[in-house]
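Spelled out, the chains give:
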Amino acid sequence: MVKIAIAGGSGNVASEVISVLVATRKHEIFVLSRKATEKYIEGVTWIKADYNSVEKLAQVLEGVHTLLSFVIEQDGTESPIQKRLITAAVQAGVKRFAPSEWATSTTEYLPWYSYKAEIRRYLAELNKNKKVCFQPGVNSLASIDLKQVLEYTLFQPGLFANYLTRPYKTSTYLHQMETPIDFEKRRAILLEGDDDGIITLTTVQDFAAIVAHAIEYDGEWPTVSGIRGSILSVRELIALGEKIRGPFNIERIKAADFEAGTWETSWIPRVDHPSIPPEQVEFFSKLGVAGITRAISSGAFAVSDEWNKLVPEYEFTRVEPFLEGVWDGKP
């Protein structure tokens, strides 16, 4: 059993992870919140945290083994909250840290993820010169153990397959946003000339279960934690959609038009994430279509499979039967 602190724990993805961790009944779980209490969850303690003070955060993190961050920082690229969390974690002696990743392998064409890219750079710089620790009682260069200042990993599941079942809810907490591939209305917005882009589709349930496995893992965390459910090309995903739902209406946009912002389509997926102010939803929706379609082409949604290898006994949900089961009999 370890003590786990979760920053940004009131969000929908964080709630999925917390639910699985609580169900294990193995850990002490603390959620850091700007308020004294967000909501009652059996087995979870809410702690009021001052994200503006490294000193106060370090006090809160005393005795914590693993810190998971779900903090979203879209006001600029510097990610000050997570940088203070990292500094506080080092001061408090936290063993493991997972920054607010939980998505793609790269941030190319995804400007709203720029804070993730900055934290990747920051953590790599922090651990560039590792501390040297000699094994007790052994006087040999071969015994040198180079330890990270702060052990960390980047959890990356690709795209949650649950988004493709919208409007039918297939998880407890995940907020289902529209995507450029719409199974409900049998339509898609794609980048012209590129149907070979790879998408990793992982259910949020599998993702949360693997994070729970990772917390119990005895070895050192890999720097990159790819979590791979199913992998399909855009062409294969559209073919699957048409197999399950019937013919899709596909609109193709040139990369140059996306870049210039001059593209037009008959519909725009609504990106209404809880972190986006209502008055900015329309702007982010158009930005999201251009970014996601180009990011798929660049390989951002093709993630690695570190945890598939580290937990080989875990049986991941395959996307085809998952989607067939949800859409069977639906209009």
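The structure reproduced in this document is the subject of the present report. This is a predicted model, so every value here is computed, not measured.

Cut-offs used in this document
- Residues numbered from 1 in each chain as written.
- Predicted model: local features only at pLDDT ≥ 70, side-chain atom pairs only at ≥ 80, totals over all residues.
- Heavy atoms only, no water.
- Helix = DSSP H or I, 4+ residues; strand = E, 2+ residues; numbered from the N terminus.
- Buried < 20%, exposed > 50% of the residue type's maximum accessible area, 1.4 Å probe, protein only.
- Contact = heavy atoms within 4.5 Å.
- Pairing = 2+ DSSP bridges.
- Axes fitted to C-alpha atoms, helices over the stretch in contact; angles between N-to-C directions.
- Salt bridge = Lys/Arg side-chain N within 4 Å of Asp/Glu carboxyl O.
- Parallel < 35°, antiparallel > 145°, perpendicular 65-115°, else oblique.
- Left-handed = near helix turned anticlockwise from the far one by under 90°.
- Nonpolar A, V, L, I, M, F, W, Y, C, P; charged D, E, K, R; others polar.
- Core = buried A, V, L, I, M, F, W, Y, C linked by side-chain atoms within 4.5 Å.
- Phe/Tyr/Trp six-rings, centres within 6.5 Å; stacked < 30°, edge-to-face > 60°.
- Lys NZ or Arg CZ within 6 Å of the ring centre and 35° of its normal.

Right, let's get into the environment of threonine 104. Within the secondary structure, threonine 104 sits in the loop between strand E5 (96–98) and helix H4 (114–126). Since its relative accessible area comes to 2%, threonine 104 is described here as buried. A sequence separation of 13 residues divides threonine 104 from alanine 117, and the C-alpha atoms of the two residues are 11 Å apart. If we ignore the near neighbours within four places in the chain, the residues touching threonine 104 are Leu110, Tyr113, Arg120, Gln156, Ala300, Phe301 and Val303.

Time to look at the sheet that holds strand E15 (residues 230–233). Across the sheet, which stays open at both edges, the 3 strands sit in the order E10-E13-E15 with mixed pairing between neighbours. Whereas interior strands pair on both sides, the edge strands pair on one side only; in this sheet they are strand E10 (159–160) and E15. Pairing of strand E13 (residues 198–202) with E15, which is carried by 4 bridges, proceeds in the antiparallel orientation. Bridge pairing links threonine 200 to isoleucine 231 in E15. Of the strands in this sheet, E13 and E15 are in contact with helix H6 (residues 234–245), which crosses E15 at around 95°.

Quick look at the pattern of salt bridges now. Working definition: two side chains of opposite charge can pair if their charged atoms are close together. Considering all chains together, one arrives at 19 salt bridges under this definition. Notably, a salt bridge pairs aspartate 195 with arginine 252, separated by 2.8 Å at the nearest N-O pair. Linking aspartate 195 in the loop between strand E12 (187–191) and E13 with arginine 252 in strand E16 (residues 249–253), this pair joins segments that are 57 residues apart in sequence. A salt bridge links aspartate 196 to arginine 235, with the nearest nitrogen and oxygen atoms 2.4 Å apart. Of the two residues, aspartate 196 sits in the loop between E12 and E13 while arginine 235 sits in helix H6, which places them 39 residues apart along the sequence. Taken together, the salt bridges that share partners define one network made up of Glu78, Lys83, Glu118 and Arg121.

Looking now at the packing of helix H1 (residues 12–24) against helix H5 (residues 204–216). Closest axis-to-axis distance for the H1/H5 pair is 9 Å, and the angle between their directions is 55°. If you check the angle between H1 and H5, you find them oblique. Two packed elements cross with a definite hand, and for H1 against H5 that hand is right-handed. Contacts between H1 and H5 involve Val13, Glu16, Val17, Val20, Leu21 and Thr24 from the former and Val204, Phe207, Ala208, Ala209, Val211, Ala212, Ile215 and Glu216 from the latter. A class-by-class count of the residues in the contact of H1 with H5 yields 11 nonpolar, 1 polar and 2 charged.

Core analysis: the biggest nonpolar cluster contains 67 residues, and Leu68 and Phe207 have the highest contact counts within it. Among the elements that take part in this core, H5 stands out by supplying 8 residues, more than any other. Non-local contacts of leucine 68, meaning those with residues more than four positions away in its chain, are made with Ile4, Ala5, Ile6, Ala7, Val17, Leu21, Ala98, Val211 and Ile215. Ala49, Ile81, Ile86 and Leu154 belong to the second largest nonpolar core, which has 25 residues in total.

To continue, consider the packing of aromatic side chains. Evaluated as defined, the whole model comprises 13 aromatic pairs. By the ring-pair criterion, three or more aromatic residues cluster together here, those being Phe70, Trp102, Phe155, Phe160, Tyr163, Phe207 and Trp221. Above the plane of the ring of tryptophan 263 lies lysine 286, whose end atom (NZ or CZ) is 4.9 Å from the centre. Positioned above the aromatic ring of tyrosine 168 is the side chain of lysine 330, whose terminal nitrogen or guanidinium carbon lies 5.0 Å from the ring centre.

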